[in-house]
Protein chains: 2
Amino acid sequence: MNSYNSVYTSRMAHAKSPANTAASQDIRSYMHGLGRAARAASRVLARTDTATKNAALRAMANAIRATKAALLSANAIDIARAQQANQDAAFIDRLTLDEARIEQMAAGLEQVAALPDPIGVVSELQRQPTGIEVGRMRVPLGVIGIIYESRPNVTADAAGLCLKSGNACILRGGSEALASNQAIAQAIVSGLQQAGLPANAVQVVATADRAAVGALITMHEYVDIIVPRGGKALIARLMQESRIPMLKHLDGICHVYVDDAADLDMALKITDNAKTHRYGTCNTMETLLVAQSVAAQFLPRIAEIYRAKGVQMRGDVAVQRLLPDAVAATEEDWRTEYLAPVIAIRIVAGLDAAIEHIETYGSRHTDAIVTNNAAHAQRFLREVDSASVMVNASTRFADGFEFGLGAEIGISNDKLHARGPVGLEGLTSQKYVVLGHGEVRG
Amino acid sequence: MNSYNSVYTSRMAHAKSPANTAASQDIRSYMHGLGRAARAASRVLARTDTATKNAALRAMANAIRATKAALLSANAIDIARAQQANQDAAFIDRLTLDEARIEQMAAGLEQVAALPDPIGVVSELQRQPTGIEVGRMRVPLGVIGIIYESRPNVTADAAGLCLKSGNACILRGGSEALASNQAIAQAIVSGLQQAGLPANAVQVVATADRAAVGALITMHEYVDIIVPRGGKALIARLMQESRIPMLKHLDGICHVYVDDAADLDMALKITDNAKTHRYGTCNTMETLLVAQSVAAQFLPRIAEIYRAKGVQMRGDVAVQRLLPDAVAATEEDWRTEYLAPVIAIRIVAGLDAAIEHIETYGSRHTDAIVTNNAAHAQRFLREVDSASVMVNASTRFADGFEFGLGAEIGISNDKLHARGPVGLEGLTSQKYVVLGHGEVRG
């Protein structure tokens, strides 16, 4: 029996009456207990060498493979409960573990083990006129709180990234996946212990009570950053309530602007892919902007593709003139992340109007221009204030793996700390290190 | 008459009755007006080239020199008011402008003009397996709010750093320096306009009403980051109320640990300098930790220096045994930033106990070890979780200029975004840029 289960047993006796104030107090004190334990574990992790962290990651992967049967039966409990609650098929699919998904979790941990360790790297070490050498050392943030929904695989993915970046973590998955997440947690803790690391380096919240989330996002003495992974409703709620900085984005209202100097064949390929490759992802194009001078040539061609794929087109009056089947777009359409086979289309005068539209309606996530005009490309790159700005490429590339980060914990469209797809580096900080030889300030 | 004064005249008519709710509403709407104007100006600044920004900085410097007489007479108003209010000599000294300080402001702006422009620099551009090239471009944060106290020179210094880093700024100086800050603002705006930049790129709040601060630190739609520059009371209050991220530190409880493997002559030089070079700065050592094995040799020597300089020593029982004139230190002493000729001294068993003490009582600002043992140095650098960690150098070096940043807007001991002394780079962000050739995601 690991420490995690004993905490569960001793502290959670009353957790089944969530509306009860005494129970809420218990949850709060339970969460603070996790926080204190995470803080203590984070100190050990910060000084743990790469080999030990990698050994733990590989042991975690093996433990997940070895406990496949237990994972599947825990998952069956969650699925049965979800079916009783009349959850829809998409929900149950996200919740479901099968042999392939279990193997993916294990392989994912091994991939993280193979990534370079960011921690302890000293960069930019330079001798100053006084003789001191000043550089920056990459260090963990400390304790990371991760809040997610029904996919149990996030438990293993997030644990792996936090561990590799030297951070302790507190994981709070969807209440519907509680049994699955507990089972995965056991495998993770067993991997940590095999490598001689503290079991509390990864803690999975052992209650379905929502008060646990409220405690997690306000206990700033124990948690350095919150990473929410889930739908817009979850993130909007956390943004209201969190007292801890978050790595997040709310909307992905991504644009492709087809410039007057675009290669239209290329534009066709990119605007097809950016919209139709996957409809439900945050880096999918939601609004297509087309320069007036090429609209008559370009729009009928892309419309043919969208029609064939069942994408509903919504456009301004000028668009409707070229595409009679386009629905009239309202102001609201320019602000909407459809996550569906729907696209808003607008004809703009040129580059300035495109940038202005993106500035007004965009969500600072990912925006692209298709152009062969180098000056236009440069202006778009400089002036569009989004986390990822692209020239002649599909917005679908905005992704940690595609960007070469080797992993992704999430995507941020904030400007402070990490921005864009966030890999291991976004879970770290840099401190100044000074190597002296007895220098004093004169 | 510049736009700034007309805003003052039209919006601030009621600002003299601060307790009045209608006036507070006016202040809020006045501040939101500044916010909107700053946001608009920030878009222009973000795409302004280096030469134009440098021309504005030099024109600002010249305007400050050219309006020296006006600055001095505005400052005389503030000084007279401070004297009437019975402010102490130190306060009035901070408030005072003279010819030398005016020239320092101007020269400071020219120095910022001479620094490399961080904006637009693309780093780490790498081709990915798909063919896209992915890099990061440095961009401004947007709008920076700076809140400071009585020193009017901060107005020019902060304006210069924000402009060079492509950010618009809203500056809120101490109410006691209102006339001086207004006069400096006029020179700044004249410089901006000479270079063809928007006057609203730098706005100085034109009211002494404290409600202006409350508005500034909560209007997150217009302000991206707050930089407080001032004493602990100011920062503590802002930390409670700000809804916008801050670049700040609260305490500077800095330690020097004299290791058992220290060169004691070097330790003497460093612990003398770290304590006595200046008493009132945040990077001054407040607590001296000495390894037990060298305490009997080392402490009497450093005590002789401190005695000669009038530094009061407070120590634990072991210290008092070696230094009979040391006052008994209480638990509170380990947590105190004296900013005065007082030092807390503790004898510790060795490196582990020193790290533990710093972890428990420190403020994560700047800590140093004196040692010739490379393994101890390495462990101290890795394990001490402070913004600046030093080996064999005085904590007094924790400073943007000493670290080679060329400038300093403040020091942060937070872990997210900038950490340690913050120069131009800390006022910027990096976005991802993707250069494609028609690539789509498969």
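Residues numbered from 1 in each chain as written. Chains lettered and ligands numbered in written order. Predicted model: local features only at pLDDT ≥ 70, side-chain atom pairs only at ≥ 80, totals over all residues.

Caption draft 1: Geometry of the overall build of chain A. Within chain A, the regular secondary structure consists of 15 helices and 16 strands. Against the compact-globule benchmark of 22 Å for 442 residues, chain A has a radius of gyration of 25 Å, which places it among compact chains. With the C-alpha coordinates of chain A rotated into their principal frame, the extents come out at 75 × 70 × 40 Å. Here chain A, with 442 residues, has 53% of them falling under the buried criterion. For chain A, contacts bridging at least 24 residues in sequence account for 71% of all contacts bridging at least 6. (Helix = DSSP H or I, 4+ residues; strand = E, 2+ residues; numbered from the N terminus. Rg over C-alpha atoms; globule rule 2.2 N^0.38 Å. Buried ≥ 20, exposed ≤ 12 C-beta atoms within 10 Å, placed from the backbone. Contact = placed C-beta atoms within 7 Å.)

Caption draft 2: Geometry of the nonpolar core. With 133 residues, the main nonpolar core has B:Met60, B:Ile64, B:Cys169, B:Ile188, B:Leu216 and B:Val290 as its most contacted residues. Ranked by the residues each element gives to this core, the list is headed by helix α2 (residues 21-46) of chain B, at nine residues. Not counting the four nearest positions on each side in its chain, B:Cys169 is found in contact with B:Val143, B:Ile144, B:Ile146, B:Ala158, B:Ala159, B:Cys162 and B:Val202. Within the second largest apolar cluster, 132 residues are counted, among which are A:Val204, A:Ala262, A:Ala267 and A:Ala377. (Core = buried A, V, L, I, M, F, W, Y, C linked by C-beta atoms within 7 Å.)

Caption draft 3: The arrangement of the relation of the copies chain B and chain A in detail. Rotating chain B by 180 degrees about the axis while translating it 0.0 Å along that axis superimposes it on chain A, leaving an RMSD of 0.0 Å. Both chain copies can therefore be described as sitting about a two-fold axis. When C-alpha positions in chain B are compared against the rotation axis, the closest is assigned to B:His417, at 2.0 Å. Here 100% of the contact residues of chain B are again contact residues in chain A; the copies associate through an equivalent surface. (Least-squares fit on C-alpha atoms with pLDDT ≥ 70 in both.)

Caption draft 4: Region of interest: the environment of A:Arg307. All names here are of chain A. Position of Arg307 among the secondary structure elements: in helix α12 (residues 292-308). Classification of Arg307 by C-beta neighbours within 10 Å gives partly exposed; the count is 13. In this structure, the C-alpha to C-alpha distance between Arg307 and Asp325, residues 18 residues apart in sequence, is 9.4 Å.

Caption draft 5: Main features of the sheet that holds strand β11 (residues 342-348) of chain B. The 10 strands are arranged β1(A)-β2(A)-β16(A)-β13(B)-β12(B)-β7(B)-β8(B)-β11(B)-β9(B)-β10(B) in an open sheet whose pairing can be described as mixed. Both edges of this open sheet fall to β1 (122-127) of chain A together with β10 (327-328) of chain B, since each of them pairs with a single strand only. Note: strand β7 (residues 254-258) of chain B against strand β8 (residues 285-291) of chain B, five bridges, orientation parallel. Bridged to B:His255 within β8(B) is B:Thr287. Sheet strands in contact with helix α15 (residues 374-383) of chain B are β2 (133-140) and β16 (428-439) of chain A together with β12 (366-370) and β13 (388-393) of chain B, and its direction is about 160 degrees off that of β13(B). (Pairing = 2+ DSSP bridges. Axes fitted to C-alpha atoms, helices over the stretch in contact; angles between N-to-C directions.)

Caption draft 6: Looking closely at the sheet that holds strand β5 (residues 202-204) of chain A. All names here are of chain A. In space, the four strands of this open sheet follow the order β5-β4-β3-β6, with parallel pairing throughout. Each edge of the open sheet is held by one strand with a lone partner, namely β5 and β6 (225-229). This sheet shows a mean twist of 20 degrees between the axes of neighbouring strands, independent of strand direction. Of the pairings in the sheet, the one linking strand β3 (residues 143-148) to β6 comprises five bridges and is parallel in character.

Caption draft 7: Here's a closer look at the interface of chain B and chain A. Counting from both sides, the interface comprises 54 residues of chain B and, opposite them, 54 residues of chain A. When contributions to the side of chain B that touches chain A are tallied by element, the ones reaching two or more residues are β2 (133-140), α11 (264-276), α15, β13 and β16 (428-439) of chain B. Looking at which element gives the most residues to the side of chain B that touches chain A, the answer is β16(B), with 11 residues. In terms of residue class, the side of chain B that touches chain A is built from 23 nonpolar, 19 polar and 12 charged. Here β16(A) runs beside β13(B); their pairing, made up of five bridges, is parallel. Note on β13(B): the bridge partner recorded for A:Leu435 is B:Val391. (Nonpolar A, V, L, I, M, F, W, Y, C, P; charged D, E, K, R; others polar.)

Caption draft 8: Local environment of the pairing of strand β9 (residues 312-315) of chain B. Residue and element names in this part refer to chain B. For β9 and β11, the ladder comprises four bridges, and the chain directions are parallel. Paired with Met313 across the bridge in β11 is Ile343. In this sheet, β10 lies alongside β9 in parallel orientation, the contact comprising two bridges. From the neighbouring strand, Gly315 faces β10, where its bridge partner is Ala328. In terms of handedness, the path from β9 via helix α13 (residues 317-322) over to β10 forms a crossover that is right-handed. (Right-handed = clockwise from strand over helix to strand, strands pointing away.)

Caption draft 9: Just the environment of B:Asn283, in detail. All names here are of chain B. The residue Asn283 is located in the loop between α11 and β8 in this model. Measuring from C-alpha to C-alpha, the distance between Asn283 and Thr395 comes to 5.7 Å, with 112 residues separating the pair along the chain. Those residues in contact with Asn283, other than ones at most four positions away along the chain, are Gly252, Cys254, His365, Thr366, Thr395, Arg396, Ala398 and Asp399.

Caption draft 10: Local environment of α15(B). For α15(B), the full list of buried residues reads B:His376, B:Ala377, B:Phe380 and B:Leu381. Along the axis of α15(B), the buried residues cluster in a sector spanning 135 degrees; they form a single face. Turned more than 90 degrees away from the buried face of α15(B) sit B:Ala374 and B:Ala375, all of them exposed. The secondary structure elements touched by the buried residues of α15(B) are β2 and β16 of chain A together with α14 (351-361), β12 and β13 of chain B. (Arc of directions from axis to C-beta.)

Caption draft 11: Up close: the confidence of the model for chain A. Residue and element names in this part refer to chain A. For chain A, per-residue confidence averages 93 on the pLDDT scale, and 95% of positions sit at 70 or higher. Throughout residues 1-19 the model reports pLDDT below 50, and contacts reaching past four residues in sequence, or to other chains, amount to 30 contacts. Predicted complex metrics record ipTM = 0.91 and pTM = 0.90. (pLDDT = per-residue confidence, 0-100.)

Caption draft 12: Seen up close, the pairing of strand β4 (residues 168-172) of chain B. All names here are of chain B. Of all five residues making up β4, five are buried, and the element is well covered by its neighbours. Here β4 shows a buried face lined by Ala168, Ile170 and Arg172 and a second buried face lined by Cys169 and Leu171. Of the strand pairs in this sheet, strand β3 (residues 143-148) and β4 are connected by five bridges, and their pairing is parallel. The residue bridging Ile146 from the neighbouring strand is Leu171, located in β4. Looking at chain direction, β4 and strand β5 (residues 202-204) are connected through three bridges and run parallel. Its bridge partner being in β5, Leu171 is matched across the sheet by Val204. In the classification by handedness, the crossover that spans β4, the intervening helix α8 (residues 178-194) and the parallel β5 is right-handed.

Caption draft 13: Layout of the packing of helix α7 (residues 153-164) of chain A against helix α8 (residues 178-194) of chain A. All names here are of chain A. At a minimum axis distance of 9 Å, the contact between α7 and α8 shows a crossing angle of 35 degrees. Crossing geometry of α7 relative to α8 is assigned as right-handed. In contact with Thr155, Ala156 and Ala159 of α7, α8 contributes Asn181, Ile184, Ala185 and Ile188. Residue composition of the contact of α7 with α8, by class: five nonpolar, two polar and no charged. (Left-handed = near helix turned anticlockwise from the far one by under 90°.)

Caption draft 14: Representation of unusual backbone geometry. All names here are of chain A. Backbone geometry at Glu124 places phi at a positive 55 degrees, although glycine is not the residue there. Counting through the fold element by element, Glu124 comes out in strand β1. Classification of Glu124 by C-beta neighbours within 10 Å gives exposed; the count is 10.

Caption draft 15: Representation of the environment of B:Arg39 within the structure. Residues and elements named next belong to chain B. Looking at the element boundaries, Arg39 is found in helix α2. Residue classification places Arg39 among the partly exposed residues on the basis of 17 C-beta atoms within 10 Å. A sequence separation of 183 residues divides Arg39 from Tyr222, and the C-alpha atoms of the two residues are 6.0 Å apart. Non-local contacts of Arg39, meaning those with residues more than four positions away in its chain, are made with Val143 and Tyr222.

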